[in-house]
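Structural features, examined
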Amino acid sequence: MVGMRRVLAVALAVVAAAASLTACASDPAPTDVTVAWAPKGRAAVLVTWKDNGLPNRVTIEGVLSESPSYLKYIPAGEPNQWEIPTSAFPPDGNYKVAVGTGTSQGGVTSKLAKSPVFDTDGPVRPSAAAVAKQGRGVLIRWSVPVAPQDFTPNDPLDVKGKKTQRYVPMIGRPGKMLKVIGPATTSNRQVIKSIKPPYTFQLRTQNEWSTSIGGQVLGLTSSINAAVPRLAQFSVPIRVRGRVILHQVGCDLETPCTSKRATPAGVPVVVLTQVAPGARWTPAARGSTTAGGYYDIAVPTGGSRPYKIIVPENTKGSTQTGTSTSRPAYTKSVVRVASAGFANGNVATAKGSTVTVSVAVKPAMNTTVMLQAWNRQTRRWVDSKALPMRNGVAALAFKAAQPGDFVYRFAIPGAMMFGRPIDGTTTAQLQLHVR
């Protein structure tokens with residue numbers, strides 16, 4: 001019997017609940033719900049509807065999108081309209097505005113009337129930006145991809161026209177926040193006067209619904225080190241080696257910008273030299289960095305001279321690299337022996353025959369060289385014959401007077417070229433066997 005009473009009580013509760021629901025939906029529903037842009041720059045969506053002066057509840061419903069938690073009650077007797085700020089609509093979704101009769105205490109007492117579906121597609125971010133020098137500043141251009149397909153074409157909030165989004169140029173520097181440097185524009189180019197690295201250029205792209213960041217250009221500073229040989233044989237290339245480190249600015253909207261190191265490949269490097277004291281610095285060789293920022297460049301040599309290595313200011317794609325210079329390093333040239341030895345390569349000859357020994361050097365000097373012989377008793381080199389050198393060549397013909405093994409060499413003095421000294425040198429040992 002007790003069980004029957006419980007079943008009966010539950011049944012009566014269900015009937016009562018059904019009666020209550022019927023009562024909640026007894027009021028007439030609003031009609032003709034419309035959405036349009038509110039005045040003053042599309043900062044809000046204006047919702048309007050028709051009813052008989054009843055209180056209303058306004059919400060936003062997602063269509064294949066999650067419904068945002070927006071709720072507004074309009075008292076009875078108030079105008080049948082309300083402005084919903086665009087910030088209440090999540091970007092890149094499809095939505096309706098639903099209006100019903102009801103209050104915060106009594107709940108909804110009618111069916112919901114809904115507006116047509118509309119989208120909240122945000123702006124299309126610039127896909128790439130490129131920088132070029134223009135006077136003392138730079139010209140930055142950016143491109144924007146085609147907008148994705150509109151799945152709610154011609155909805156009530158579609159903004160007509162090709163240029164429906166604007167670009168706000170911003171600059172960031174280390175330790176500082178991104179800063180707006182100009183008004184919003186519909187153009188795809190921006191001239192920035194008198195700007196030098198380090199910096200980050202970004203575009204705050206905005207339309208009526210939301211904002212995104214894109215179109216980045218980096219203004220990099222650079223530092224360079226170099227290892228330059230102290231000595232070089234005249235006209236034999238030297239290897240100049242070192243590393244380039246770039247410093248770039250990284251920025252977020254909420255925090256100050258920071259400086260980061262980078263060591264990319266492909267950074268141009270130029271070796272400069274000063275041919276004569278006081279002369280201007282001119283390029284001697286060019287190259288670029290490899291992975292890790294390293295470079296290794298063959299540099300033609302001449303007379304003694306200083307060298308320094310620079311990263312020239314350059315713009316490539318979306319980067320502008322500032323110049324940097326290594327400390328000058330002096331490389332002293334040494335006379336280079338191009339050839340030295342006996343005529344026809346004869347290193348053995350008969351007693352009484354005539355032998356010719358010669359030497360050729362670079363640079364092609366006019367000077368006097370000394371043929372020296374090795375004295376086995378004193379264990380030292382002894383001057384044997386001073387010979388004139390013309391255009392870098394000297395030779396001596398002599399008679400092999402006695403048998404034995406003999407060792408010769410040429411001593412070449414130093415020289416002056418373009419106001420700087422070139423060190424002299426000696427040839428390798430020249431051995432002769434007389435039988």
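Everything below is about the structure printed above this text.
Worth saying up front: this structure is predicted, and the values here are computed from it rather than measured. (Residues numbered from 1 in each chain as written. Predicted model: local features only at pLDDT ≥ 70, side-chain atom pairs only at ≥ 80, totals over all residues. Heavy atoms only, no water.)

This next bit is on the environment of Phe-406. Relative to the assigned elements, Phe-406 resides in strand 34 (residues 404–412). Sequence spacing of Phe-406 and Asn-375 is 31 residues, and the spatial spacing of their C-alpha atoms is 8.9 Å. Not counting the four nearest positions on each side in its chain, Phe-406 is found in contact with Arg-376, Leu-430, Gln-431, Leu-432 and Val-434. (Helix = DSSP H or I, 4+ residues; strand = E, 2+ residues; numbered from the N terminus. Contact = heavy atoms within 4.5 Å.)

Of note, Arg-409 is situated in strand 34. Here Arg-409 is buried and forms no salt bridge, its nearest opposite-charge partner Asp-383 lying at an N-O distance of 7.3 Å. One polar contact links Arg-409 to Gln-372, side chain to side chain, over a distance of 2.7 Å. If we ignore the near neighbours within four places in the chain, the residues touching Arg-409 are Met-370, Leu-371, Gln-372, Trp-381, Thr-426, Thr-427, Ala-428 and Leu-430. (Buried < 20%, exposed > 50% of the residue type's maximum accessible area, 1.4 Å probe, protein only. Lys, Arg positive; Asp, Glu negative; His and termini not counted. Salt bridge = Lys/Arg side-chain N within 4 Å of Asp/Glu carboxyl O. Polar contact = N/O pair within 3.5 Å; in protein donor to acceptor, adjacent residues only side chain to side chain.)

The next subject is the nonpolar core. Ranked by internal contacts, the top residues of the largest apolar core, which has 24 residues, are Phe-342, Val-357, Phe-398, Phe-410 and Ile-412. Of all elements in the fold, only strand 30 (354–362), strand 31 (367–375), strand 32 (380–389), strand 33 (393–399), strand 34 and strand 38 (430–434) reach the threshold of two or more residues within this core. Tallying contributions element by element places strand 30 first for this core, with four residues. Residue contacts for Phe-410: discarding those within four places in its chain leaves Val-357, Ser-358, Val-359, Val-369, Met-370, Leu-371, Leu-387, Thr-425, Thr-426, Thr-427 and Leu-430. (Core = buried A, V, L, I, M, F, W, Y, C linked by side-chain atoms within 4.5 Å.)

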